Protein chains: 2
Amino acid sequence: MTVNREIHLASRPDGWPTPENFRLVSTSVPTAGDGQLVVRNVVMSVDPYMRGRMNDVKSYVPPFRLDAPLDGGAIGEVVQSRAEGYAPGDLVLHGLGWREYALLDAGSARRVDPALAPVNAYLSVLGMTGLTAYAGLLEVAGMRAGETVFVSAAAGAVGSLVGQIAKLRGAARVVGSAGSPAKVERLRALGFDVAFDYHDGPVRDQLRAAAPNGIDVYFDNVGADHLEAAIAALRPHGRAAICGMIAHYNATEPPPAPRNLALVIGKQLTLRGFLVNSYGHLREQFVEEASGWLREGRLHQDETVVDGIENAPAAFLGLLRGENLGKMLVRL
Amino acid sequence: MTVNREIHLASRPDGWPTPENFRLVSTSVPTAGDGQLVVRNVVMSVDPYMRGRMNDVKSYVPPFRLDAPLDGGAIGEVVQSRAEGYAPGDLVLHGLGWREYALLDAGSARRVDPALAPVNAYLSVLGMTGLTAYAGLLEVAGMRAGETVFVSAAAGAVGSLVGQIAKLRGAARVVGSAGSPAKVERLRALGFDVAFDYHDGPVRDQLRAAAPNGIDVYFDNVGADHLEAAIAALRPHGRAAICGMIAHYNATEPPPAPRNLALVIGKQLTLRGFLVNSYGHLREQFVEEASGWLREGRLHQDETVVDGIENAPAAFLGLLRGENLGKMLVRL
């Protein structure tokens, strides 16, 4: 019998997670019941939002359970099917990552076609990551052609797509912040008009230099000083789509920013938090538009790929530390 | 020649303003040029937003100038007209308060009809104050029937109207906070379902007790701990209309709240600052609806009236300290 290895949550982190919060557990490969599939996962996603699920707090998704496998986006190859329409060898997108083999109700799987796009793309640029960037920028923040856009964590999976989609949709100026010279370099290659390293000085000052006339849209992945700087830079009727606040996730004390929140009144700003699962109605339009950009070579998704289920915790910890360029994936 | 007395800004406050920041100046009554009116002001408004204009910072309205009269909403009786359609005795609403006589371009004045509503109403419930409440609640926050609404500074001019309009438009539950037992009592009389005194304990705890199932809409006049409490209480897809942050206006250090801002993501909250001058397109609809409520005795605006231009600074300082019930006005 083949062994199925999976990653369990061994303990809940207080502040920054450590390898000790995870446990590699060997178990047996499941057997499909009626209407079910067993898949061998080929690639899985690690995402910043998973940090929140490691806390035992009520949120929009239930917290991960202790001593049970984590979960998240993954692509698996069907190895056993007792569901109509699925046969061994089929590839499906589903929500049970962090394990080598997964047992799925067929209704919770979505078929992916490797002829249309590389398999990884369904977890990144054509998947939740891409839709997050697209919906947040265009629907939540309502970016219009000719506007100036600032995105934080811009070399990350979502951020790098936000900047590129902004340019493709006619933004006049796109500014990105990132955490290393190499990332800044990459952002320039991806077409960002200005990119800066937030280690080089106060974000507020660097943003003012990058967009002396202010910004219209801020896509927030960081919170804290980045959000404060954006509020200072936003022009009247500016909008911020709040996608993530990675600076807050591992803080044991909440960051004090933004101290300038009262500016939202006089500038009539809108700050709007969002979750991609509220924007499924845009998926079809998004996939069509993004597929076109991909075919034309106008949209790029960097990937940082780690090998082996045993390295999934390290991949996740690296993601939280910003060690990834683009989408962080684990190949199983 | 009649004397015209006016209030000048003598110095810019650092933190809480004091009487020394104001100066009563005697000057002469102006003379109308072509297309102009001279009015004798009968009543003027003092409003929290004026505090911001006392600072020398660029904002949505220019700062008050030093050694020049302050300005703001007022109603004056025409004493001299060189503009077609205006005759002595006409009453007009205009923006040059803080003085006994004002020289106006006729185009900047709006006629008010004392037969339709008491004169003061044009500065309060049927004026900017009422439209602020109406537009903020219904347009900015998009309140729908059946929702739960929380408003801070609820015994103030805007807040008391927000709560009442919420009930009139079908809110299931309206909660208000205020700063004294008498105000809390008044809110109950005005139809608020729950009212509490923010001195009685943490706003967060009192709000949780007042709305155990959370709130859908927050109308913010205070900022700081009130906004933090509201963010904690808002249900998924909740909206906050940010009208004012009086707790911030006189703070020499910005209040640290809200420390829980990251909740906007998972709950998909919208925080939106607004200024009433962006909602002029709602004025006609608002006046029609509010006039009906007033005629039917279903909408009430409390007034705190101070007499004499020399007492206008004291009225304004009292407003900032929350000494008013409802709209604070100065009768000249």
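To be clear, the structure that these remarks concern was listed above.
So, a few notes on the structure that sits alongside this text. If you're wondering where the values come from, they're calculated on a predicted model, not measured in any experiment.

Definitions and limits used
Residues numbered from 1 in each chain as written. Chains lettered and ligands numbered in written order. Predicted model: local features only at pLDDT ≥ 70, side-chain atom pairs only at ≥ 80, totals over all residues. Heavy atoms only, no water. Helix = DSSP H or I, 4+ residues; strand = E, 2+ residues; numbered from the N terminus. Rg over C-alpha atoms; globule rule 2.2 N^0.38 Å. Buried < 20%, exposed > 50% of the residue type's maximum accessible area, 1.4 Å probe, protein only. Pairing = 2+ DSSP bridges. Right-handed = clockwise from strand over helix to strand, strands pointing away. Phe/Tyr/Trp six-rings, centres within 6.5 Å; stacked < 30°, edge-to-face > 60°. Salt bridge = Lys/Arg side-chain N within 4 Å of Asp/Glu carboxyl O. Least-squares fit on C-alpha atoms with pLDDT ≥ 70 in both. Contact = heavy atoms within 4.5 Å. Axes fitted to C-alpha atoms, helices over the stretch in contact; angles between N-to-C directions. Buried area = accessible area lost by both parts, 1.4 Å probe. Nonpolar A, V, L, I, M, F, W, Y, C, P; charged D, E, K, R; others polar. Expected span 1.5 Å × (residues − 1).

**Section: the overall build of chain A**
Helix and strand content of chain A: ten helices and 15 strands. Radius of gyration (C-alpha) of chain A: 20 Å, near the 20 Å computed for a compact globule of 332 residues. By principal-axis analysis of the C-alpha atoms, chain A measures approximately 65 × 45 × 35 Å. Expressed as a percentage of its 332 residues, the buried residues of chain A come to 56%.

**Re the pairing of strand β15 (residues 327-331) of chain B**
Residue and element names in this part refer to chain B. Among the five residues that make up β15, four are buried, leaving the element largely enclosed by the rest of the structure. Strand direction decides the pairing type here: strand β3 (residues 36-45) and β15, joined by three bridges, are antiparallel. Residue Met-44 lies in a different strand from β15, and its bridge partner there is Val-330. Where strand β14 (residues 303-307) lies against β15, five bridges are found, and the strand directions are parallel. Its bridge partner lying in β15, Val-306 is registered against Val-330. With helix α10 (residues 312-320) bridging β14 and the parallel β15, this β-α-β connection has right-handed handedness.

**Some remarks on the packing of aromatic side chains**
Scanning the entire structure with this criterion turns up 16 aromatic pairs over all chains. Ring centres of B:Phe22 and B:Trp98 lie 6.1 Å apart, and the angle between their planes is 5°; on these two criteria the pair is classed as stacked. With B:Phe22 in strand β2 (residues 22-28) and B:Trp98 in the loop between β5 (91-94) and β6 (101-105), this residue pair connects regions lying 76 residues apart in the sequence. Between B:Phe150 and B:Phe196, the ring centres sit 6.0 Å apart and the planes meet at 20°, which makes this aromatic pair stacked. Taken together, the residues B:Phe150 in strand β8 (residues 148-151) and B:Phe196 in strand β10 (residues 194-197) connect sequence positions 46 residues apart. The class of B:Phe150 is buried, set by a relative accessible area of 0%. Grouping aromatic residues by their ring pairs yields a cluster made of A:Phe22, A:Trp98 and A:Phe316.

**Details of the pattern of salt bridges**
In the structure shown here, the tally under the stated rule is 40 salt bridges over all chains. Here A:Arg5 and A:Glu100 are joined by a salt bridge, their closest N and O atoms 3.2 Å apart. Within this pair, whereas A:Arg5 is found in strand β1 (residues 3-9), its partner A:Glu100 is found in the loop between β5 (91-94) and β6 (101-105), the two being separated by 95 residues in sequence. The partner of B:Asp47 in a salt bridge is B:Lys327, and the shortest N-O contact between them spans 2.7 Å. Of this pair, B:Asp47 sits in the loop between β3 and α1 (49-53) while B:Lys327 sits in strand β15; the two residues are 280 residues apart in sequence, bridging distant segments of the chain. In terms of burial, B:Asp47 and B:Lys327 fall into one category: buried. Here the salt bridges share partners, and the residues they tie into one network are A:Arg5, A:Glu100 and A:Glu310.

**Focus on the relation of the copies chain A and chain B**
After a rotation of 180° and a shift along the axis of 0.0 Å, chain A superposes on chain B with an RMSD of 0.0 Å. On the angle and the small slide along the axis, the relation comes out as a two-fold axis. Closest approach to the rotation axis within chain A is made by the C-alpha atom of A:Leu271, at a distance of 2.5 Å. Interface overlap between copies is the fraction of interface residues in one copy that are interface residues in the other; for chain A against chain B it reaches 100%, indicating a shared surface.

**What about the sheet that holds strand β11 (residues 215-220) of chain A?**
Here twelve strands make up an open sheet; going across it, the order is β10(A)-β9(A)-β8(A)-β11(A)-β12(A)-β13(A)-β13(B)-β12(B)-β11(B)-β8(B)-β9(B)-β10(B) and the pairing mixed. The outermost strands of the open sheet, each flanked by one partner alone, are β10 (194-197) of chain A together with β10 of chain B. For this sheet the average axis-to-axis angle between neighbouring strands, irrespective of direction, equals 15°. Looking at chain direction, strand β11 (residues 215-220) of chain B and strand β12 (residues 234-242) of chain B are connected through five bridges and run parallel. Across the sheet, B:Phe219 pairs through a bridge with B:Ala241, a residue of β12(B).

**Notes on the interface of chain A and chain B**
Contact residues are listed per partner, giving 28 residues for chain A and 28 residues for chain B. When chain A packs against chain B, the two sides together hide about 2,200 Å² of surface, and 61% of this comes from carbon and sulfur. For chain A, the biggest contributors to the area lost against chain B are A:Leu261, A:Ile265 and A:Gln268; these three give 26% of the whole. For the pair chain A and chain B, the number of links is zero salt bridges. Of all the secondary structure elements, the ones that give two or more residues to the side of chain A that touches chain B are β12 (234-242), α7 (246-249), α8 (263-266) and β13 (270-273) of chain A. Broken down by element, the residue count for the side of chain A that touches chain B peaks at four residues, all from β13(A). In terms of residue class, the side of chain A that touches chain B is made up of 18 nonpolar, eight polar and two charged. Sheet analysis places β13(A) next to strand β13 (residues 270-273) of chain B, joined by three bridges and oriented antiparallel. Considered in β13(B), the bridge of A:Leu271 is made with B:Leu271.

**Digging into helix α2 (residues 128-140) of chain B**
Residues and elements named next belong to chain B. For α2, built from 13 residues, the straight-helix expectation of 18 Å at 1.5 Å per residue is missed by more than 12%, its first-to-last C-alpha distance being only 15 Å. Taking burial as the measure, the 13 residues of α2 include eleven buried ones, the bulk of the element. Among the residues of α2, Thr-129, Gly-130, Leu-131, Thr-132, Ala-133, Tyr-134, Ala-135, Gly-136, Leu-137, Leu-138 and Val-140 are the ones counted as buried. Remark: Gly-142 follows α2 within two positions and exhibits a positive phi of approximately 60°.

**With respect to the environment of A:Gly146**
Residues and elements named next belong to chain A. Tracing the sequence through the fold places Gly-146 in the loop between α2 (128-140) and β8 (148-151). C-alpha of Gly-146 to C-alpha of Ser-45: the two residues are 101 residues apart in sequence and 34 Å apart in space. Those residues within four positions of Gly-146 in sequence are excluded, and the remaining contacts are Gly-170, Ala-171 and Ala-172.

**Describing helix α9 (residues 283-295) of chain B**
All names here are of chain B. The end-to-end C-alpha distance of α9, which contains 13 residues, comes to 18 Å, matching closely the 18 Å that a straight helix rising 1.5 Å per residue would cover. Among all positions of α9, only Phe-286, Ala-290, Ser-291, Gly-292 and Trp-293 are buried. Immediately downstream of α9, the backbone of Gly-297 shows phi near 70°, a positive value.

**Considerations on the environment of B:Glu20**
All names here are of chain B. When you line up the elements, Glu-20 lands in the loop between β1 (3-9) and β2. Given the relative accessible area of 58%, Glu-20 is considered exposed. Along the sequence, Glu-20 and Val-151 sit 131 residues apart, while their C-alpha atoms lie 33 Å from each other. Apart from residues no more than four positions distant in its own chain, Glu-20 is found in contact with Ala-10 and Ser-11.

Honestly, that's just the spatial picture; any functional story needs more than this.
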